[in-house]
Structures are given as structure tokens and as C-alpha cells.
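Residues per chain are reported as follows:
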Amino acid sequence: MKILVISHTYIVDLNRQKLRALAKLEPGIEVTVVVPRRWNPGGVQNKIVETQFLQEGSFQVVPIFNLSENNQSLLIFGSELIKLLLGWRPDIIQVEQGSKALAYAQAIALNSWLGLGAKNVFFTWWNLPYEVKWPIAQLEAYNLRHTDGLIAGNQDAAEILRQRGYSRPYKVMPQLGVEESLFRPQPQPELQAELGIKTNDFIVGFVGRFVEEKGLLTLAKALAGLRDRPWKWLLLGRGLLQEKLIQWADENRLQDRLIWVESVPHYRVYRYINLMNVLVLPSETTDKIKNLTSKGWKEQFGHVLIEAMACQVPTIGSDSGEIPNVIGDSGQIFPEGNVPALQNCLERLMDSPALAEEHGKRGWKRVMELYTNQALAKQLLQFYKELGCRV
């Protein structure tokens, strides 16, 4: 089975682990990943990344000239893609750029024009209802009409595309898995000492953007109601809300309870997660009326949850978006924005080390079964077989 995957996501080598695992599952599987030759991921550095060809047995990464260097919706590839398709003739063409992507329409058209007979598959995260006008509406309709299989990053995304007329097979699974060789239980005594964390401190953790839709103000209020407990709040990330949280800490005389850590490379995040007694993702769904985001937002997955679960750290999440489906029965869910409910979740873990240990073990088991790169690779292969492809 020859599998061609197209996405800017895989310019980052760590993100390729699922596809590496896929190439090793059974003899006869070959995986080629097409990435943009040049890409600007944005962010603080705002630096162009130039990708390189990579060959590892039956797994390879092929950079191809691209006409957009920073807009995934406008991403489209040069004529080298035709040469690759004709020479390699894949059985699966999977484009991970969404239902309205030009790159997906390009892949569908080339698949037909070159007579490849490959299955067309795409991946999407988008989990909110939307309207599109001409010509984007026609582009999406063309893509959906020629899709053999959909991979949705969350249940809402699959349901929305069902409502838009998609009726063929689909699979719900995240784009990226957990790298279990990094994210695993491992004490961090040196880092603990460096951050001034004492043995009896109950560390409440948050990893992500410091923005209102992540529910940080709700978590702040819940913690303020527990000031008689020996907690500290470890915040890993950055964002505009930091100043507001510092002001809140000053007003509540809780400055010494907050531990600020500027964003660190992803391969080091596990060190900080292993310091936590609980990781909280209190995300809050937004819409145009609230003026927090122009198009609205709700949690698409919450990748940090499965990273914490892999470290056997208990998790608490709101009921925004996909969070309840990710945590399952391995942690606690509270109604988004509900301060007393979140406070009660925290108290339960503070009062019961046995419950915290049970949640940690359940979370680890759930991740090993569903969310490692190896587990995702197996789910992908099974889905391809359901579409009629054989190794």
C-alpha cells in the first residue's frame, strides 16, 4: 500500500512520528510525505523554514515548490507534484489542509487526470458551523463530492461535514499523537528546586495560550476560593492575558502562588507537566457576540490533555468542544465557565490522593490505547483498509 500525505504540518520532524510508525506496521507499506519547500510558520521568530528531502527505508519526505508560503488555504504545489504522482502512483492521497483547501482540489484533479485510481482522503479540525460563498462554496462542494474518506480531528467536525452533505466513511482521531518516549512519568527534582516548588505544594498546571477563551479567568477565580489550601499555579506559555492575571494576583495577594514559565520548546514541555498534581484545561466556547474571536471558537481537541495523561498527571477539563471525548472517564469534566464546579473538581483531587492516582492511571491507559503515534498509525491503516485498500 502506497500512502501519499500532503501537509505543511510535517515540515516539523517531531510531527512525522505517526507516519513513520505507519510505514513500519506491515511489510508492503510505503509512506511519502509531501511538504512545502519553503514555509513561514509565523510566531515570534517569523522565519522562513526550508525543508529538506529525507529517506528512511519505506518512509520519505519530499519538499515540493509551493505557491503560498504562509497561508494553508491558498497552498498549492508546482509541477514536481505531477512527476511524483506519475512515478510513484499512490493508492491513498491524503491532504491534511481542510475541506476548502486548494491543495486538496489540486490532488483530486491530478488523481483523476493522471488515471491513478487512488482514494482521496482529507483531514480537518474545523468544529464550528460556517457559511461560504462563491467560489469557495463550489471549491468545497467539488472536494466533498470526490472524497472517499474523511478524517476529522473531533466529533463536531465530522458532524458539521455530514450536515454539509458528506455521506461517505469517516474516522475521528487527532492529527498528531503523543511521543511516549518523552511524555511519560519521570521525576524532575532539579527543575522543582529551580522553580521553588516545595514537597507539600499542590501544583495546578496550565499549558497553552494566555487568552480569555482558554478559561484562565475562571480557573483564577476557582483558585482564589481555595486560598486556604497549599496550591501553586504553574502557567506555561505566553499571551496578552498575562498582565490581567498578574493584576488579579496582586489584588488577591496571591503573587507568591503563581509560577510563570515562558514558552519552552515542545520537546521540553514534559519536564514541567511532570511537576503538576493536576493539569486543567478550562476552555470556554466563544462566538461573534462576545467579540473574543471573529469567527467564534471552541476547543478542537486539547493536545496538552493527552500529554498530561501520558505522564499519569490527572486532568480536569471544561465541556467545551472535544475535551469530554478526549478525557473520557479518566478525569473530571465541569461546565465551562462554572467556577464552583471547577473548584469542587480541584478540591476532590486535593483531598484524595487515591483518586488522583486512579485518574492518572486511567489517563495513561487511555492514551496508550488511543493517542500514541503507534495507536494512531494502526487506526489510520484500519481506516484505509475499510476504504478498500490492501497491503
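Remember, predicted model here, so these are calculated numbers, not experimental data. (Residues numbered from 1 in each chain as written. Predicted model: local features only at pLDDT ≥ 70, side-chain atom pairs only at ≥ 80, totals over all residues. Heavy atoms only, no water.)

A. Layout of the environment of Leu355. Within the secondary structure, Leu355 is located in helix α13 (residues 353-370). In this structure Leu355 comes out as buried when scored by relative accessible area, which is 14%. For Leu355 and Pro314, which are 41 residues apart along the polypeptide, the C-alpha to C-alpha distance reads 9.0 Å. Not counting chain neighbours up to four residues away, the residues in contact with Leu355 comprise Arg348 and Leu349. (Helix = DSSP H or I, 4+ residues; strand = E, 2+ residues; numbered from the N terminus. Buried < 20%, exposed > 50% of the residue type's maximum accessible area, 1.4 Å probe, protein only. Contact = heavy atoms within 4.5 Å.)

B. Representation of helix α8 (residues 242-251) in the model. Within α8 the residues assigned to the buried category are Leu245, Trp248 and Ala249. Down the axis of α8, the buried side of the element spans an arc of 100°, and every buried residue falls inside it. Opposite the buried face of α8, by more than 90 degrees, sit the exposed residues Glu243 and Glu251. After α8 finishes, the residue Arg253 shows a positive phi value of roughly 55°. (Arc of directions from axis to C-beta.)

C. Structural detail: unusual backbone geometry. In this model, Trp134 is joined to Pro135 through a cis peptide bond whose omega is 5°. Relative to the helices and strands, Pro135 is located in the loop between β8 (119-124) and α4 (136-145). Even without being a glycine, Arg89 presents a positive backbone phi close to 50°. Take Arg89: its relative accessible area is 38%, and that puts it in the partly exposed class. Positive phi, normally seen in glycine, also occurs at Arg253, with a value near 55°. Inspection of the secondary structure puts Arg253 in the loop between α8 and β13 (258-261).

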